[in-house]
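The chain contents come next:
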Amino acid sequence: MAGKVAIITAASRGIGAACAMELAKRDYRVVLMSTTESVLDLAKELDGVGLVGNVTNADDMLKLVNLAYTSCGRVDALVNNTGHPPKGDLLVISDDEWHDALDLLLLNCLLYTSPSPRDRG
């Protein structure tokens, strides 16, 4: 097992995949999640573990953290590679658009920092 463990979301391609590859090169064991099954291939290629899931789904986030702990025993780093701010004129962005952006950018991070998955049952 590698010395450090990193969780990376939206890791199947683009910036997320690049982060996963770089961290694997730096001897991190990577725990990857994305909404597409290609994340499983990348995890295997990097000698890590992967999960198909969505950061806006609390059950998927719990599965991801549990996967990190059961596979690697710890978490040292998180790359929350998800989300974007709402687009458009600031004064016409709807409450729903703001809430969607907050779900992607911030609220999913709270699931990482809540009590240990082992404590949640």
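Scroll up to find the structure.
Residues numbered from 1 in each chain as written. Predicted model: local features only at pLDDT ≥ 70, side-chain atom pairs only at ≥ 80, totals over all residues. Heavy atoms only, no water.

**Q** What should I look at first to understand the overall build of the chain in this one?
**A** If you tally the helices and strands in the chain, you get five helices and four strands. Its helices and strands in sequence order give the chain the pattern β-α-β-α-β-α-β-α-α, from N to C terminus. Considering the chain as a whole, with its 121 residues, one finds that 36% of them fall into the buried category. A sequence separation of at least 24 residues applies to 50% of the contacts in the chain between residues at least 6 apart. (Helix = DSSP H or I, 4+ residues; strand = E, 2+ residues; numbered from the N terminus. Buried < 20%, exposed > 50% of the residue type's maximum accessible area, 1.4 Å probe, protein only. Contact = heavy atoms within 4.5 Å.)

**Q** Teacher, can you tell me more about a nonpolar patch on the surface here?
**A** A grouping of L102, L105, L106, L107 and L110 is seen on the molecular surface, where their side chains present a nonpolar patch of about 430 Å² in accessible area. As for its placement among the helices and strands, L107 is situated in helix 4 (residues 95-113). (Patch = residues over 30% accessible without salt bridge, like charges linked within 9 Å, V, L, I, M, F, W, Y side chains within 5 Å. Areas by Shrake-Rupley, 256 points an atom, 1.4 Å probe, with all protein chains shown as cover. Salt bridge = Lys/Arg side-chain N within 4 Å of Asp/Glu carboxyl O.)

**Q** Sorry if this is basic, but what is going on with the sheet that holds strand 2 (residues 28-34) here?
**A** Strand-to-strand pairing in sheets goes through backbone hydrogen bonds, with the strands running parallel or antiparallel. One open sheet accounts for four strands, arranged 3-2-1-4; its pairing is parallel. Single-partner strands in this sheet number two, and they are strand 3 (49-52) and strand 4 (77-79). The average undirected angle you get between the axes of adjacent strands in this sheet is 15°. As defined by bridge partners, strand 1 (residues 4-9) adjoins strand 2 across six bridges and the pair is classed as parallel. (Pairing = 2+ DSSP bridges. Axes fitted to C-alpha atoms, helices over the stretch in contact; angles between N-to-C directions.)

**Q** Just to check I follow, could you spell out the pairing of strand 3 for this structure?
**A** Look at any regular strand and the pattern is simple: side chains alternate between the two faces of the sheet. Of the two faces of strand 3, only one is covered, namely that formed by V49 and L51; the face formed by G50 and V52 stays uncovered. Of the pairings in the sheet, the one linking strand 2 to strand 3 comprises four bridges and is parallel in character. Residue pairing for strand 3: S34 is matched across the bridge by V52. In terms of handedness, the path from strand 2 via helix 2 (residues 38-45) over to strand 3 forms a crossover that is right-handed. (Right-handed = clockwise from strand over helix to strand, strands pointing away.)

**Q** Help me understand the pattern of salt bridges, please; the structure alone is not making it clear to me.
**A** For side chains bearing opposite charge, pairing can occur when the charged atoms are close. Per the counting criterion, the structure on display carries two salt bridges. One salt bridge in this structure joins R26 and E22, with 2.7 Å as the shortest N-O distance. The exposure class assigned to E22 is partly exposed, which follows from its relative accessible area of 33%. The closest approach of N and O atoms between D76 and R74, which form a salt bridge, is 2.7 Å. The class for D76 is partly exposed, based on a relative accessible area of 36%.

**Q** Mind showing me how you'd approach the pairing of strand 2 here?
**A** Burial runs high along strand 2: seven of the seven residues are buried. With burial as the criterion, each face of strand 2 is covered, one bearing Y28, V30, L32 and S34 and the other bearing R29, V31 and M33. Remark: the strand 1/helix 1 (residues 14-25)/strand 2 crossover connection has right-handed handedness.

**Q** It is not clear to me how the side chain of S12 should be interpreted in this structure. Could you clarify?
**A** Position of S12 relative to the elements: it lies in the loop between strand 1 and helix 1. For S12, a relative accessible area of 15% gives the class buried. A polar contact is formed between the side chain of S12 and the side chain of S34, at a distance of 3.0 Å. There is a polar contact of 3.0 Å between the side chain of S12 and the side chain of T36. When residues no more than four places from it in sequence are discounted, the contact partners of S12 are A17, S34, T36, S38 and V39. (Polar contact = N/O pair within 3.5 Å; in protein donor to acceptor, adjacent residues only side chain to side chain.)

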